[in-house]
Each structure stands twice: as C-alpha cells, then as structure tokens.
Amino acid sequence: MKNKNKKQIKEQKRIKLRNKKLLKKYPFLAPIDWYTLTQLSVKQHKYEMGTALDDMPEGWKKAFGIQLAEDIKQELKQKNLKNYNVQQVKEKYGGLRWYDNYRLDCISKYERLSERTCVICGKPATKISTGWICPYCDKCANKYRDYNKYVSIEEWFKEKEG
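It should be emphasised that the depicted structure is a prediction, and the values quoted were computed from it without experimental measurement.

Now for the pairing of strand β4 (residues 95–100). Bridging between strand β3 (residues 86–92) and β4 involves six bridges; their strand directions are antiparallel. Its bridge partner being in β4, Val86 is matched across the sheet by Asp100. Between β3 and β4, which pair antiparallel in sequence order, lie two residues; one of them, Tyr93, sits at a positive phi of approximately 50°.

Following this line, the structure appears as structure tokens:
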C-alpha cells in the first residue's frame, strides 16, 4: 500500500511540474472558473488541475497539442489580443471542439486535422467508428474491434461531404 501511495505522490508531482512548465509558456491553457468564465489564478489551481490540453484525446495531444498552443500564442501576439481564455475543449463527432472567448483563425486548422488523426495514438487515421464517431489508425481500431464498427476514412468523408 505504501508503494502505491509513493507512486501516486510521484505522479502528482510530475503532473504539477508539467503543468507549471506548460502554463508558464502558455498561460491561456489555465483552468477556468465555470461561473465567471475567467481563468483561475495559480493560487486557486496550484498547478494541480489539468490544462486545456488535458481535455483533448491523448492521440491529438501527442500529435499536435503543443503546436496548437504555440500557434495560438503566435496569433494572440500578432493580433495583440489580451485576456484570451479557453472555455472548453472536447471531442465531438470525431473532431476537436475548441471553445474560447475569441475565434482564432488557427483553431479551424486543428479542428480539420483532428478528424483525420487517431484519438488514441496520434497517427494518421484510416478508419472512423460509426457508433461513437472517432478517428482511428488501423492498429488502434483493431484493439477496439469487438466494441466498434468502422468505415474507411475515405468512405466516411465521401458520404459526409457528398
């Protein structure tokens, strides 16, 4: 039992350190207060709560999470926008949904990219599950074949666009 607690404490410290580094470079990823839709201060979240990137599926976070944050940072700087905050991040109908207090141009690029990126590993998707709609690569789709039915990504987008 003590060993498990040590592992949990070590993991919590690792997460806090990761969040501290991320939020230093990308402060707009800080958690928000749902009642006021304002970012929580460091005193309030103490780096223990997740960042906006933590609400993305793991595969998307691996594939383009940091690049998305960097592109947001650059666009905010170019447009001289202040007080930007991310209100919600989620997967819906197989694509990234990124809600914020501005509508930045760079977000749509990643929303489109997400539809063709595996939610599990971040590799290019080849299939789309038809129940809970999500993109998967062949390897990850094979892991969940007992739970999902799939169509090829080309077939999916042909029907979606046609």
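A separate point is the packing of aromatic side chains. Inspection of every chain in the model, using the stated rule, returns six aromatic pairs. On the basis of an interplanar angle of 70° and a centroid distance of 5.6 Å, the ring pair of Phe28 and Tyr84 is categorised as edge-to-face. Taken together, the residues span a long stretch of sequence, with Phe28 in the loop between α1 (2–25) and β1 (32–33) and Tyr84 in the loop between α3 (58–79) and β3 at a distance of 56 residues. An aromatic cluster of three or more residues is present, and its members are Tyr26, Phe28, Tyr84 and Tyr102.

In this structure, Phe28, Leu29, Met56, Ile72, Tyr84, Leu96 and Trp98 are the most contacted members of the largest nonpolar core, which totals 32 residues. If you list the elements that add at least two residues to this core, you get α1, α3, β3, β4, α4 (105–114) and α5 (138–143). The dominant element in this core, judged by the number of residues it contributes, is α3, at six residues. Counting residues in each nonpolar core, the second largest holds six residues, with Ala125, Ile128, Ile153 and Phe157 among its members.

What counts, and at which threshold
Residues numbered from 1 in each chain as written. Predicted model: local features only at pLDDT ≥ 70, side-chain atom pairs only at ≥ 80, totals over all residues. Heavy atoms only, no water. Pairing = 2+ DSSP bridges. Helix = DSSP H or I, 4+ residues; strand = E, 2+ residues; numbered from the N terminus. Phe/Tyr/Trp six-rings, centres within 6.5 Å; stacked < 30°, edge-to-face > 60°. Core = buried A, V, L, I, M, F, W, Y, C linked by side-chain atoms within 4.5 Å. Buried < 20%, exposed > 50% of the residue type's maximum accessible area, 1.4 Å probe, protein only.

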